[in-house]
Number of protein chains: 2
Amino acid sequence: MTKIHNFSAGPCILPQEVFQKSAEAILDFNGSGLSLLEISHRSKDFVAVMDEARAIIKRLMNLGDDYEVLYLQGGASLQFAMVPFNLMKLESGKAAYTDTGTWAAGAIKEAKKLGKVDVVGSSKEENYSFIPKDFKIGSEYDYFHCTSNNTIYGTEMKTFPKVDTLLVCDMSSDIFSRVIDFSQFDLIYAGAQKNMGPAGTTLVVVKKEILGKSGRDIPSMLDYSLHIAKESMYNTPPVFAVYASLLTLQHLENNGGIAAAEKNNIAKAELIYNEIDRNPLFATYCKVEDRSLMNACFKLTDESKKEEFDAAWKAAGINGLNGHRSLGGYRASMYNALPLESVQVLVDVIKNLK
Amino acid sequence: MTKIHNFSAGPCILPQEVFQKSAEAILDFNGSGLSLLEISHRSKDFVAVMDEARAIIKRLMNLGDDYEVLYLQGGASLQFAMVPFNLMKLESGKAAYTDTGTWAAGAIKEAKKLGKVDVVGSSKEENYSFIPKDFKIGSEYDYFHCTSNNTIYGTEMKTFPKVDTLLVCDMSSDIFSRVIDFSQFDLIYAGAQKNMGPAGTTLVVVKKEILGKSGRDIPSMLDYSLHIAKESMYNTPPVFAVYASLLTLQHLENNGGIAAAEKNNIAKAELIYNEIDRNPLFATYCKVEDRSLMNACFKLTDESKKEEFDAAWKAAGINGLNGHRSLGGYRASMYNALPLESVQVLVDVIKNLK
């Protein structure tokens, strides 16, 4: 069987070790004779998993006790509502957002249900082909919200603005892919299913002092303070997803941490972007300076080559290369666990197209 | 190694086949060479999983096309908020609830954030030791909400009231354990982690015609209509939990369905309750007619025997027998996958205490 090169946009490839160890835990967790799926979430062994998963996040992010880490459910999409419920003031609340893609627009839509939203920067009119940078955020806003990486359009924020209010970031699709000063953020969230684990859990990292000020009667499950008080076990957590996320983060920590991952990710991105830039048969969609390390979106310059190219990458064992329906073309998602070797296989296929 | 008899209250024992097959799928899903954890939720293979999981629920419940089935996230606790968001009218909304335990009280708390709640029956003052039955629900209420089984207190509704409004039921802890006319309900929800699969997904079964009438601007992730429109994939679903739930339900369907499960559950419950009733060293907490098939809560009549009894059941390989901290004593949770043999082992330990 040909080796599969999985460029899936998410859920996506994870370290092979995560598959092995999580499958073993389903058959026998920690040598207990019980499956990970049948143990109480209040058991000593699972509480240890949750505690370590929360602790490893803080180590990787180099954050102190002023931050709390939560493993929740509902994906980034539920965060789109939780952020304004917790941070946007009930009386004359107002937040600033940038609109950099489908998910940013989704976050804006939910915030508008609870208060006033100013879109201070948008690339929507140019099909989300760049990251808007020319704006200032004053203290009149309850918070500023941005999306660090736009999977569908292949753009990524290289730096984050200095703002005179709270800085909130959806890092679902590039968390732990590059070295960042995480202490510049007041709230970070991320669906796990890219660099953090399988689908089914969502990371929230929040500075404690910002909570409890919205004046809203928040539904309990949407209330960060309540989840913090219950140490991320307000109700039954998604046990399997949290365990597999812990395995994913342990693998990251044991293999050089974020700095090593960044080095690999830059090498993979350079390999593919250099080839696309050199090759007249291919082009990218977005502004060069805003290109994502995680998702290289590109297209054929000559559509008549489509059938041949599609057959070639499929024959090479490449999976998940079709672009999102919003943009078309191709998308090579190169999350942490994707080996350089897979990108080389794709680049070879690209090179061989004549 | 002694065989483990897992009486855990949830997450709980599932069919051994579910552990085997889900572990295999993590290593190689459907012979694709890819892990279940790394495939797109939009892939043909996973869409088929979601479709079949939704279809099998309708078959097991014998429901027609006027109902929709959703696999969501957030547990029953998120449903405590979603129910009133979707069903309680914005202007002068009012709902009726029974208070039969910790989870019912949690549901009441969330509904009160959105409108008026009348608690039409409560056993709170008698430590939730019975199911209140003496009430009438008129059409002045937007809906009536009840909890079919109370895991912590070991009580269960044997029948459901006829009401002149919508009938909503939290069936988290006894769904698919007994034959019920599911068509009497307008909305049923259940956290998966008892009879339906591992923790991490939540079932919602809803009659379509009741939706879209609350007049509220519902957060998208809390809006049943939106989840229905997106065929339970509004955002990335909890892939692993949905797949393991499908395996659990296939096992149920292939082994005689709900009727066969009910027969086993009655046999298990009779075995333990008969012994407790006969044995002067033990007593149950609740009214005999309201005893749960799923969770037998009991205590020693002579506390001086505690050390001896605890040592004996642990030596017999029994796991998860301690009662919830709210009640103390012991709780034998006997979900569908628990074999009669395990109950027999427990009954033998009980009998042997002198």
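Note that this is a predicted model, so its numbers are computed, not measured.

The rules behind the values
Residues numbered from 1 in each chain as written. Chains lettered and ligands numbered in written order. Predicted model: local features only at pLDDT ≥ 70, side-chain atom pairs only at ≥ 80, totals over all residues. Heavy atoms only, no water. Least-squares fit on C-alpha atoms with pLDDT ≥ 70 in both. Contact = heavy atoms within 4.5 Å. Helix = DSSP H or I, 4+ residues; strand = E, 2+ residues; numbered from the N terminus. Buried < 20%, exposed > 50% of the residue type's maximum accessible area, 1.4 Å probe, protein only. Lys, Arg positive; Asp, Glu negative; His and termini not counted. Salt bridge = Lys/Arg side-chain N within 4 Å of Asp/Glu carboxyl O. UniProt positions renumbered as here; feature names shortened; annotations may be inferred. Phe/Tyr/Trp six-rings, centres within 6.5 Å; stacked < 30°, edge-to-face > 60°. Lys NZ or Arg CZ within 6 Å of the ring centre and 35° of its normal. Pairing = 2+ DSSP bridges. Buried area = accessible area lost by both parts, 1.4 Å probe. Polar contact = N/O pair within 3.5 Å; in protein donor to acceptor, adjacent residues only side chain to side chain. Nonpolar A, V, L, I, M, F, W, Y, C, P; charged D, E, K, R; others polar. Patch = residues over 30% accessible without salt bridge, like charges linked within 9 Å, V, L, I, M, F, W, Y side chains within 5 Å. Areas by Shrake-Rupley, 256 points an atom, 1.4 Å probe, with all protein chains shown as cover. Charge placed at Lys NZ, Arg CZ, Asp CG, Glu CD. Right-handed = clockwise from strand over helix to strand, strands pointing away. Domains from an automatic or database assignment. Axes fitted to C-alpha atoms, helices over the stretch in contact; angles between N-to-C directions.

**Quick notes on the relation of the copies chain A and chain B**
Moving on, step 1. Mapping chain A onto chain B calls for a rotation angle of 180° and an axial translation of 0.0 Å; the resulting RMSD is 0.0 Å. On the angle and the small slide along the axis, the relation comes out as a two-fold axis. The C-alpha atom lying nearest the rotation axis in chain A is that of Ala23(A); the distance is 2.2 Å.
Moving on, step 2. Both copies present the same face, since 100% of the interface residues in chain A are matched by interface residues at the equivalent positions in chain B.

**Topic: the side chain of Lys207(B)**
Residues and elements named next belong to chain B.
Moving on, step 1. Tracing the backbone shows lysine 207 in strand S10 (residues 202-207).
Moving on, step 2. Despite its burial, lysine 207 pairs with no opposite charge; the closest candidate is aspartate 186, at 4.2 Å N-O.
Moving on, step 3. Excluding residues within four positions of it along the chain, lysine 207 makes contact with Asp66, Tyr67 and Asp186.

**Some remarks on the UniProt feature "binding site: L-glutamate" (unreviewed entry) in chain A**
Moving on, step 1. Mapped onto the present numbering, the UniProt feature "binding site: L-glutamate" (unreviewed entry) falls on Arg42(A).
Moving on, step 2. We classify Arg42(A) as partly exposed; its relative accessible area is 45%.

**Details of the packing of aromatic side chains**
Moving on, step 1. Inspection of the entire model under this criterion finds 25 aromatic pairs over all chains.
Moving on, step 2. Relative to Phe309(B), the ring of Phe282(B) has its centre 5.0 Å away and its plane inclined at 65°; by these criteria the two rings are edge-to-face. In this pair, Phe282(B) sits in strand S11 (residues 282-284) while Phe309(B) sits in helix H8 (residues 306-315), placing the two residues 27 residues apart along the sequence.
Moving on, step 3. Through successive ring pairs, a cluster of aromatic residues spans Phe282(A), Phe298(A), Phe309(A), Trp313(A) and Tyr330(A).
Moving on, step 4. Looking at Lys94(A), its charged tip hangs above the ring of Tyr141(A), at a distance of 4.9 Å from the centre.

**A word on the pairing of strand S5 (residues 143-147) of chain B**
In the case of a regular strand, side chains alternate between the two sheet surfaces.
All names here are of chain B.
Moving on, step 1. Most of S5 sits inside the fold, with 5 of its 5 residues counted as buried.
Moving on, step 2. On S5, burial covers both faces: Tyr143, His145 and Thr147 on one face and Phe144 and Cys146 on the other are all buried.
Moving on, step 3. Alignment of strand S3 (residues 94-99) against S5, held across 3 bridges, turns out to be parallel. Bridge assignment links alanine 96 to a residue of S5, and that residue is phenylalanine 144.

**Some words on the UniProt feature "binding site: pyridoxal 5'-phosphate" (unreviewed entry) in chain A**
Moving on, step 1. The positions that UniProt labels "binding site: pyridoxal 5'-phosphate" (unreviewed entry) are, in the present scheme, Ala76(A), Ser77(A), Trp103(A), Thr151(A), Asp170(A), Gln193(A), Asn235(A) and Thr236(A). Maximum C-alpha separation among the annotated residues is 31.0 Å over a sequence range of 161 residues, too wide for a single clustered spot.
Moving on, step 2. Here Ser77(A) shows up in helix H3 (residues 75-87).
Moving on, step 3. Beyond its immediate stretch of four places on either side in the chain, Ser77(A) contacts Trp103(A), Met221(B), Tyr234(B) and Asn235(B).
Moving on, step 4. You can see Gln193(A) is positioned in the loop between strand S9 (187-191) and strand S10 (202-207).
Moving on, step 5. Assessed through its relative accessible area of 11%, Gln193(A) is described here as buried.
Moving on, step 6. What Gln193(A) contacts, discounting residues up to four positions off in sequence, is Gly10(A), Pro11(A), Cys12(A), Pro198(A), Ala199(A), Thr201(A) and Thr236(B).

**A few points about the interface of chain A and chain B**
Moving on, step 1. Counting residues at the interface gives 54 residues for chain A and 54 residues for chain B.
Moving on, step 2. Buried surface at the junction of chain A and chain B, summed over both partners, amounts to about 4100 Å²; 62% is from carbon and sulfur atoms.
Moving on, step 3. Considering only the side of chain A, the residues that lose the most area to chain B are Phe19(A), Leu37(A) and Glu38(A), jointly responsible for 15% of the buried surface there.
Moving on, step 4. Inspection of the region where chain A meets chain B yields 16 residue pairs in polar contact (both at pLDDT 80 or more).
Moving on, step 5. The dominant element in the side of chain A that touches chain B, judged by the number of residues it contributes, is helix H1 (residues 16-27) of chain A, at 6 residues.
Moving on, step 6. Of the residues that constitute the side of chain A that touches chain B, the class distribution is 28 nonpolar, 21 polar and 5 charged.

**Re a positive patch on the surface**
Moving on, step 1. Together, Arg42(A), Lys230(A), Lys109(B) and Arg325(B) line one region of the surface with positive charge.
Moving on, step 2. Looking at where Arg42(A) falls in the secondary structure, it is placed in the loop between H1 and helix H2 (44-61).

**Considerations on the pairing of strand S4 (residues 116-122) of chain A**
All names here are of chain A.
Moving on, step 1. When strand S3 (residues 94-99) meets S4, the two strands line up parallel, connected through 6 bridges. Pairing of alanine 95 across the sheet is with valine 117, part of S4.
Moving on, step 2. Crossover S3 to S4 through helix H4 (residues 102-112) is right-handed.

**Description of the domain arrangement of chain A**
Residue and element names in this part refer to chain A.
Moving on, step 1. Taken domain by domain, chain A consists of domain 1 (16-254) and domain 2 (257-352).
Moving on, step 2. With centres defined by C-alpha atoms, the gap from domain 1 to domain 2 works out at 27 Å.
Moving on, step 3. On the domain 2 side, the residues contacting the 26 residues of domain 1 number 24 residues.
Moving on, step 4. Around 2100 Å² of area is buried between domain 1 and domain 2 when both sides are counted, 54% of it from carbon and sulfur atoms.
Moving on, step 5. By the criterion of area lost to domain 2, the three top residues of domain 1 are Ile152, Gly154 and Ser177, representing 23% of everything that side buries.
Moving on, step 6. Applying the counting rule to domain 1 against domain 2 returns 2 salt bridges.
Moving on, step 7. Salt-bridge contacts for glutamate 289 lead to lysine 133; the nearest nitrogen and oxygen are separated by 2.9 Å.
Moving on, step 8. Our count for the contact surface shared by domain 1 and domain 2 stands at 16 residue pairs in polar contact (both at pLDDT 80 or more).
Moving on, step 9. Among the elements of the structure, strand S7 (155-156) and helix H6 (239-254) are those that each provide at least two residues to the side of domain 1 that touches domain 2.

**As for the sheet that holds S10(B)**
Residues and elements named next belong to chain B.
Moving on, step 1. Strand order in this open sheet of 7 strands is S2-S10-S9-S8-S5-S3-S4, and the pairing throughout is mixed. Either end of the sheet is taken by a strand with one partner, and the two such strands are strand S2 (67-72) and strand S4 (116-122). Within this sheet the neighbouring strands show an average axis-to-axis angle of 15°, counted without direction.
Moving on, step 2. Here helix H3 (residues 75-87) sits on the sheet and contacts S2, S3, S5, strand S8 (166-170), strand S9 (187-191) and S10; the angle it forms with S9, its principal contact strand, is near 160°.
Moving on, step 3. Here helix H4 (residues 102-112) sits on the sheet in contact with S3, S4, S5 and S9, set at roughly 160° to S3.

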